[in-house]
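This is what each chain is made of:
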Amino acid sequence: MIEGMRKGLSICGSTVIPSLFPFTVLADYLISSGLSDRIGRAASLPVKRIFHLPGCCACVIITGLFAGFPVGAKMTQQLRESGRISEKEGRRILLLCVNGGPAFVISSVGVSMLSSFRAGVILYASLCLASLIIGILSGLFSRTPVTAEADTKKIAVGTLTESVSRATETMLNICAWILLFMCVSSYFRLLPLPKEVKDIIAMIGEVTDGCMIASARYPSFVLAAVCGWSGLSVHCQVMSALKSVKMNIFIFWLGRIANAALAGLIAFVLFRLFPCETQVFSTASDVLAKPYSVSVPASAAMLIMGAFAIMDLHGRKKCDTI
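Residues numbered from 1 in each chain as written. Predicted model: local features only at pLDDT ≥ 70, side-chain atom pairs only at ≥ 80, totals over all residues. Heavy atoms only, no water.

Here we take up the packing of aromatic side chains. All told, the structure shown has five aromatic pairs when counted by the stated rule. Centre to centre, the rings of Trp177 and Phe181 are 6.2 Å apart; their planes meet at 45°, and the pair counts as tilted. Residue Trp177 and its partner Phe181 are located together in helix α9 (residues 160-188), separated by four residues, close to a single helical turn. According to the relative accessible area criterion, Trp177 is partly exposed, its value standing at 26%. (Phe/Tyr/Trp six-rings, centres within 6.5 Å; stacked < 30°, edge-to-face > 60°. Helix = DSSP H or I, 4+ residues; strand = E, 2+ residues; numbered from the N terminus. Buried < 20%, exposed > 50% of the residue type's maximum accessible area, 1.4 Å probe, protein only.)

This is the structure we're talking about:
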């Protein structure tokens, strides 16, 4: 248990928090402030035509692809609780917004685990294509009318401080589930089971640990399937979002299996078309020992949130003066 906790804390500190926290704050602020609706109006037509979803879902789709799980699911929950999307629309968007972001897939999996930026890009492209294809297919079979766009003026403007508080609570929840699954995984390694069975259990349970094992012992396209499935730990993190749209967990699992299979197939084809050399590491500790301080998407998100903070403080000073 101690070893599992240490490994889990290392994963949270070196990978999860640096790559997710800025996006979690930004995603919460976009929804609570009503900015997602304004952005959604600009992308309303393609979102309605391609995915058969309201324009406000454009932010969820984009953030889900670039921020990483479970930010997209959290945004979906906020949209549903504010009444801007229906339960059916929420269920459909959850099929395509639970994704690994570039900070995790390209930087952590590609560069750190496979020592190949190109491999990370291929894996990330495979995941994005798989999610978008599933989203398009689900939209084609949807027969319900799209929910009318909300009036942005009626949406309460949230503050940055509230978004930071909610994002902190979300990160604690994410890290707690990772620690729990890493503890359980450490026990499974002690059982007298075949090595392949232990690997499968790890890849099903926690996505980061599963990627470490898959990158050491299996072909690179398997990593796309592991990220597409995203692990039971992530599934537990998005459970509140599933409840908010009344989505059956077995339907969600079928969606993740389809996502994993499609991502793995696309990655297999792309690795054949664009072959690249990958370096296999010997132990998981090699990955965690590498620095994870540089992340272009996370840095961009921090700059954006800094701008929001300045505007928020400026607005408060005006209120105090009045």
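Here the focus is unusual backbone geometry. A positive phi angle, close to 60°, is found at His52, a residue other than glycine. Mapped onto the elements, His52 comes out in the loop between α3 (44-51) and α4 (57-67). If you check the backbone angles, Ser230 has positive phi at about 75° while not being a glycine. You can see Ser230 is positioned in the loop between α12 (220-229) and α13 (231-237). When its relative accessible area of 0% is taken as the criterion, Ser230 is described as buried.

Moving on, we come to helix α1 (residues 2-33). By the largest-angle criterion, Val16 marks the main kink of α1, which is about 50°, and a proline, Pro18, follows within four residues. Trailing α1 by a residue or two, Gly34 shows a phi angle of about 90°, which is positive. (Bend = angle between axes of the 7 residues up to and from the residue.)

The subject of this paragraph is the environment of Thr63. With respect to the helices, strands and loops of the structure, Thr63 is situated in helix α4. Its relative accessible area of 13% is what places Thr63 among the buried residues. In this structure the C-alpha to C-alpha distance between Thr63 and Ala27, which are 36 residues apart in sequence, comes to 7.1 Å. With sequence-adjacent residues up to four places away left out, Thr63 is seen in contact with Ala27, Leu30, Gly68, Val71 and Met75. (Contact = heavy atoms within 4.5 Å.)

A surface patch of nonpolar side chains, about 650 Å² in accessible area, is lined by Ile50, Leu129, Ile133, Ile136, Leu137, Leu140 and Phe141. Of the residues forming the nonpolar patch, the biggest block, five residues, is contributed by helix α8 (residues 117-140). Tracing the chain through its elements places Ile50 in helix α3. (Patch = residues over 30% accessible without salt bridge, like charges linked within 9 Å, V, L, I, M, F, W, Y side chains within 5 Å. Areas by Shrake-Rupley, 256 points an atom, 1.4 Å probe, with all protein chains shown as cover. Salt bridge = Lys/Arg side-chain N within 4 Å of Asp/Glu carboxyl O.)

Bringing the nonpolar core into the picture now. One finds Leu94, Phe104, Leu123 and Cys211 to be the most contacted residues of the largest nonpolar core, which totals 73 residues. Per element, the largest residue contribution to this core is nine residues, and it comes from α1. (Core = buried A, V, L, I, M, F, W, Y, C linked by side-chain atoms within 4.5 Å.)

This part covers the packing of α1 against helix α5 (residues 71-81). In contact at an axis separation of 10 Å, α1 and α5 are set at 20° when each is read in the N-to-C sense. With respect to α5, the axis of α1 lies roughly parallel. Considering only the axes of α1 and α5, their crossing is right-handed. On α5, the residues touching Leu20, Phe23, Thr24, Ala27, Asp28 and Ile31 of α1 are Val71, Met75, Gln78 and Leu79. Here the residues of the contact of α1 with α5 are counted per class, giving seven nonpolar, two polar and one charged. (Axes fitted to C-alpha atoms, helices over the stretch in contact; angles between N-to-C directions. Parallel < 35°, antiparallel > 145°, perpendicular 65-115°, else oblique. Left-handed = near helix turned anticlockwise from the far one by under 90°. Nonpolar A, V, L, I, M, F, W, Y, C, P; charged D, E, K, R; others polar.)

You can see Arg92 is positioned in helix α6 (residues 87-93). No salt bridge forms around the buried Arg92; measuring N to O, its nearest opposite-charge neighbour Glu89 is 5.3 Å away. Of note is the side chain of Arg92, whose polar atom sits 2.9 Å from the backbone oxygen of Phe51. (Lys, Arg positive; Asp, Glu negative; His and termini not counted. Polar contact = N/O pair within 3.5 Å; in protein donor to acceptor, adjacent residues only side chain to side chain.)

Side-chain pairing between opposite charges can occur once the charged atoms of the two side chains come close. For the structure shown, the criterion picks out seven salt bridges. The salt bridge partner of Glu3 is Arg6, with a shortest N-O separation of 3.1 Å. Of this pair, Glu3 and Arg6 both sit in helix α1, separated by three residues, roughly a single helical turn. Judged by relative accessible area, Arg6 falls into the exposed class, the value being 55%. Salt-bridge contacts for Glu87 lead to Arg80; the nearest nitrogen and oxygen are separated by 3.8 Å. Residue Glu87 is classed as partly exposed on the basis of its relative accessible area of 23%. Given the relative accessible area of 24%, Arg80 is considered partly exposed. What emerges from the salt-bridge pattern is a single network uniting Lys7, Arg189 and Asp209.

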